Amino acid sequence: MEQLESYVSGNWVKGSGKPSILVNPATEEHIAEASTEGLDFGAAFQYARDVGGKALRALSFAQRGEILRALSRAIHAKRDALIEDGIANGGNTRSDAKFDIDGASGTLAYYADLGKQLGDAKFLVEGDGIQLARSPRWFGYHALVPRHGLALHINAFNFPGWGIGEKMACAILAGMPVVVKPATSTAVLAYRIAKLFVEANVLPPGAFSFIAGSPGNMLDSLSEQDVVAFTGSADTGARLRTHAGIVRGSVRLNIEADSLNSATLGPDVSAGSDTYRMFLREVMRDMTQKAGQKCTATRRIFVPEGMVNDVRDELAAMLRDVQVGNPATDGVTVGPLATASQLRDIRAGIELLAKESTFVTGNQAFTPAGVPEGKGYFVAPTLLHCTDPDAAKAVHAHEVFGPCATIVPYDGSSGRVVELIARGAGMLVGSVYSDDRAFVTDMVMGLAPYHGRLYFGSEKIADQTAGPGTVLPQSIHGGPGRAGGGEELGGQRGLALYSHRVAIQGARPILDAVLELKK
Ligand code: NAP
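Presented here is a report on the structure given in the accompanying data block. (Residues numbered from 1 in each chain as written. Predicted model: local features only at pLDDT ≥ 70, side-chain atom pairs only at ≥ 80, totals over all residues. Heavy atoms only, no water.)

Summing up its helical and strand segments, the protein has 15 helices and 22 strands in all. What you see for the protein is a C-alpha radius of gyration of 24 Å, in line with the 24 Å of a compact globule of 519 residues. Principal-axis analysis of the C-alpha atoms gives the protein an extent of 70 × 65 × 40 Å. The proportion of buried residues among the 519 residues of the protein is 57%. Put simply, of all contacts in the protein between residues at least 6 apart along the chain, 77% involve residues at least 24 apart. Of the roughly 20,700 Å² that the protein leaves accessible, carbon and sulfur atoms contribute 50%. Of the side chains in the protein, 50 bear a positive and 55 a negative charge, and the two mean positions are spaced by 6 Å. (Helix = DSSP H or I, 4+ residues; strand = E, 2+ residues; numbered from the N terminus. Rg over C-alpha atoms; globule rule 2.2 N^0.38 Å. Buried < 20%, exposed > 50% of the residue type's maximum accessible area, 1.4 Å probe, protein only. Contact = heavy atoms within 4.5 Å. Areas by Shrake-Rupley, 256 points an atom, 1.4 Å probe, with all protein chains shown as cover. Lys, Arg positive; Asp, Glu negative; His and termini not counted. Charge placed at Lys NZ, Arg CZ, Asp CG, Glu CD.)

Structure representation (structure tokens):
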């Protein structure tokens, strides 16, 4: 069986001891193993800080951008082989795997372009300076400078490719070395990408490290200039928040966690309209793409009471049409969940939701296609209907990280639906489908404080968007409250996580020259 290696201090190394076993989630076949036992995290982290950090800080944004472009190309050149890894270890359909892999290369390419735009500078000066007293000579600026630590990127199992790309793009462009720690269960794809990055030979020594296997005691080796960007469950996120290694040095921590995202059908939308079809299509895509294992997937579907029957029947018909099974088999459109423990969690979560809702579809027996009997981590796409959203608790609080969502009726008023959506206590994305400006205005004002991103579907853009479930590098990703309180991406904003903001005061001509401001 293939043993995945870690890349630390400029070398590929194998862990010792009892490894974690990585499987094909459609067949449960063992395909690889990984262990971090025996790795010296302290030495690896110090090498990244001392060697990688120094080298990256010496480069301009344009030069760092060129590195990102080469990494993007390295992924794209091996796209077909990477898709096979996504299918075998991630349970991805071909289209799911492309979404992950193209997301990685696309985000790296986007930040490569940003690096080119930022040009020869090595750090950012924010906004205009400020006169600090009566004398116009005493002046102040704010600058964003690269932190002198490392960026530890702890990723979730669901996007092993994109997770690497989106975090690395911002950190490398900002001038910080990265240590990538993918989720162990789906690490094969991440490992292949790590190999491509090292083979591309464009990253300065120490700028990139890769950990294959469990985190062990790595957090004990953090220090105050480091940044931890974590994506995963709220439970793990909460453990990280209070970890001594993070608390001790006020290590900057960004958390991207669970989210009870919503899709709302506006009261103005009639069955059969373009906006209505867009709503159905995008809810359906979010429920089934990556078998619903997307942090941005819709979990709650808010529908005006008079439209519930139409939406319920149409969505159920669409969901019954999908083919669940081994993604290596032709015709399969929904693959398995990634692990046995996800299967247990999702089944338990659906049971919990079903205590306060009724099944529309998903509770019938089914046979996944192309799978040895009794094998694989499959659930049927499941739609529930919650008739008493005031009494229901789990629908607003329990994220079922699979192909499952619940229809929740509302009275058609913006006030009521905002109040129900807000019960999710902080979300990554909320989508609203309406062509009524007054309703959209109310929704913007009501929903904004509870979301990282709002997405408005309407007739004019019905066939022109990537949908609410796609995270784009131009817009921020993250959400308040339950979603972790983090913020990533958002164009140039994404560099702030990896930079230290410093106020600089002094004589204006000197500062202007030092900061190379052209006045
Ligand atoms: P998880 O179990 O919390 O694991 C996430 C990552 O944390 C893995 O790399 C894991 O490593 C690592 N980890 C676990 N314990 C750790 C510790 N004590 N110290 C350091 N690292 C530790 O989450 P998951 O099951 O992979 O992901 C599913 C969850 O992620 C879902 O709830 C989903 O909503 C959320 N998610 C959020 C976003 C977002 O952007 N907001 C995106 C995707 C997923 P091992 O795998 O080696 O244990």
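Our focus in this paragraph is a nonpolar patch on the surface. Nonpolar side chains collect at one region of the surface, where Ile130, Leu132 and Trp138 lie side by side and expose about 260 Å² of accessible area between them. Considering the arrangement of structural elements, one finds Trp138 in strand 7 (residues 138–146). Judged by relative accessible area, which is 40%, Trp138 ranks as partly exposed. (Patch = residues over 30% accessible without salt bridge, like charges linked within 9 Å, V, L, I, M, F, W, Y side chains within 5 Å. Salt bridge = Lys/Arg side-chain N within 4 Å of Asp/Glu carboxyl O.)

Around the ligand there are 28 residues in total, and Thr184, Ser233, Thr236, Asp258 and His477 lie nearest to it. Within the side chain of Lys181, a nitrogen or oxygen atom sits 2.9 Å from an oxygen atom of the ligand. At 3.3 Å from an oxygen atom of the ligand is found a main-chain nitrogen or oxygen belonging to Gly232. Among the elements of the structure, strand 11 (227–231) and helix 7 (234–241) are those that each provide at least two residues to the shell around the ligand. The residue makeup of the shell around the ligand, split by class, is 13 nonpolar, 11 polar and four charged. (Near = heavy atom within 4 Å. Polar contact = N/O pair within 3.5 Å; in protein donor to acceptor, adjacent residues only side chain to side chain. Nonpolar A, V, L, I, M, F, W, Y, C, P; charged D, E, K, R; others polar.)

Counting residues in hydrophobic clusters, the biggest one holds 61 residues, and the most contacted among them are Met168, Phe197, Phe208 and Tyr498. Aside from chain neighbours lying at most four places away, what touches Met168 is Leu68, Leu71, His153, Leu173, Val178, Val180, Phe197, Leu203 and Phe208. Of all hydrophobic cores here, the second largest spans 49 residues; its members include Leu265, Ile301, Met307 and Ala316. (Core = buried A, V, L, I, M, F, W, Y, C linked by side-chain atoms within 4.5 Å.)

Take the packing of aromatic side chains next. The tally for this structure, following the rule as stated, stands at 13 aromatic pairs. With centroids separated by 6.3 Å and ring planes inclined at 40°, the aromatic side chains of Tyr191 and Phe210 adopt a geometry described as tilted. Within this pair, whereas Tyr191 is found in helix 6 (residues 187–200), its partner Phe210 is found in strand 10 (residues 208–210), the two being separated by 19 residues in sequence. Residues Tyr191 and Phe210 agree in their burial class; the two are buried. An aromatic cluster of at least three residues, connected via ring pairs, comprises Tyr7, Trp12, Tyr191, Phe197, Phe208 and Phe210. Here the basic side chain of Arg508 rests over the ring of Phe139, its NZ or CZ set 3.9 Å away from the ring centre. (Phe/Tyr/Trp six-rings, centres within 6.5 Å; stacked < 30°, edge-to-face > 60°. Lys NZ or Arg CZ within 6 Å of the ring centre and 35° of its normal.)

Next up on the list: the sheet that holds strand 6 (residues 124–131). Taken in spatial order, the three strands make up an open sheet running 6-7-22, and their pairing is antiparallel. In this open sheet, the two edge strands, each paired with only one partner strand, are strand 6 and strand 22 (499–507). Ignoring strand direction, the axes of neighbouring strands in this sheet form an average angle of 20°. The sheet contact formed by strand 6 and strand 7 spans five bridges and is antiparallel. Along strand 7, the bridge assignment pairs Leu124 with Leu144. (Pairing = 2+ DSSP bridges. Axes fitted to C-alpha atoms, helices over the stretch in contact; angles between N-to-C directions.)

In this section: the packing of helix 3 (residues 79–90) against helix 6. One can describe the packing of helix 3 onto helix 6 by two numbers: an axis separation of 8 Å at closest approach and a directional angle of 155°. Comparing the axis directions of helix 3 and helix 6 gives the class roughly antiparallel. For the pair helix 3 and helix 6, contact is made by Leu82, Asp85 and Asn89 and by Ala187, Val188, Leu189, Arg192, Ile193 and Leu196, respectively. Taken together, the residues of the contact of helix 3 with helix 6 sort by class into six nonpolar, one polar and two charged. (Parallel < 35°, antiparallel > 145°, perpendicular 65-115°, else oblique.)

Time to look at the packing of helix 2 (residues 61–77) against helix 4 (residues 94–118). For the pair helix 2 and helix 4, the least separation of the axes is 7 Å and the interaxial angle reads 160°. Taken together, helix 2 and helix 4 sit at an angle that is classed as roughly antiparallel. In the crossing of helix 2 with helix 4, the sense of the turn from one axis to the other is left-handed. Along the contact surface, helix 2 presents Phe61, Ala62, Gly65, Leu68, Arg69, Leu71, Ser72 and Ile75, while helix 4 presents Ile101, Ala104, Ser105, Leu108, Ala109, Tyr111, Ala112, Asp113, Gly115, Lys116 and Leu118. Of the residues contributing to the contact of helix 2 with helix 4, the split by class is 12 nonpolar, four polar and three charged. (Left-handed = near helix turned anticlockwise from the far one by under 90°.)

So, on to the sheet that holds strand 5 (residues 30–34). The sheet built from three strands is open, its strands ordered 1-5-4 with mixed pairing. Pairing within the sheet leaves two strands with one partner each, and these edge strands are strand 1 (2–4) and strand 4 (20–23). On average, adjacent strands in this sheet sit at an angle of 35° to one another, irrespective of strand direction. The strands that helix 6 touches are strand 1, strand 4 and strand 5; relative to strand 1, the one it contacts most, it runs at about 70°.

Let us look at the environment of Pro215. Its location among the elements puts Pro215 in the loop between strand 10 and strand 11. Residues Pro215 and Ala483, spaced 268 residues apart in sequence, show a C-alpha to C-alpha distance of 22 Å. The residues touching Pro215, leaving out its near neighbours within four places in the chain, are Phe41 and Lys181.

This next bit is on the pairing of strand 16 (residues 382–385). Judged by which residues are buried, strand 16 turns out to be covered on both faces: Thr382 and Leu384 on one side and Leu383 and His385 on the other are all buried. Judged from the four bridges that link them, strand 16 and strand 17 (residues 404–410) form a sheet pairing that is parallel. Residue pairing for strand 17: Leu383 is matched across the bridge by Ala405.

Our next topic: the environment of Gly115. Mapping Gly115 onto the fold places it in helix 4. Since its relative accessible area comes to 0%, Gly115 is described here as buried. Along the chain, Gly115 and Ala104 lie 11 residues apart, while their C-alpha atoms are 17 Å from each other.

Looking now at the pattern of salt bridges. Tallied over the entire structure, the rule returns 19 salt bridges. With its nearest N and O atoms 3.2 Å apart, the salt bridge here joins Asp85 to Arg192. Separated by 107 residues along the polypeptide, Asp85 in helix 3 and Arg192 in helix 6 bring together distant segments of the chain. With its nearest N and O atoms 2.7 Å apart, the salt bridge here joins Arg423 to Asp390. Note that Arg423 is positioned in the loop between helix 13 (414–422) and strand 18 (427–433) and Asp390 in the loop between strand 16 and helix 12 (394–397), a separation of 33 residues in sequence. Take Arg423: its relative accessible area is 28%, and that puts it in the partly exposed class. Taking the relative accessible area as the measure of exposure, Asp390 reaches 40% and is therefore partly exposed.

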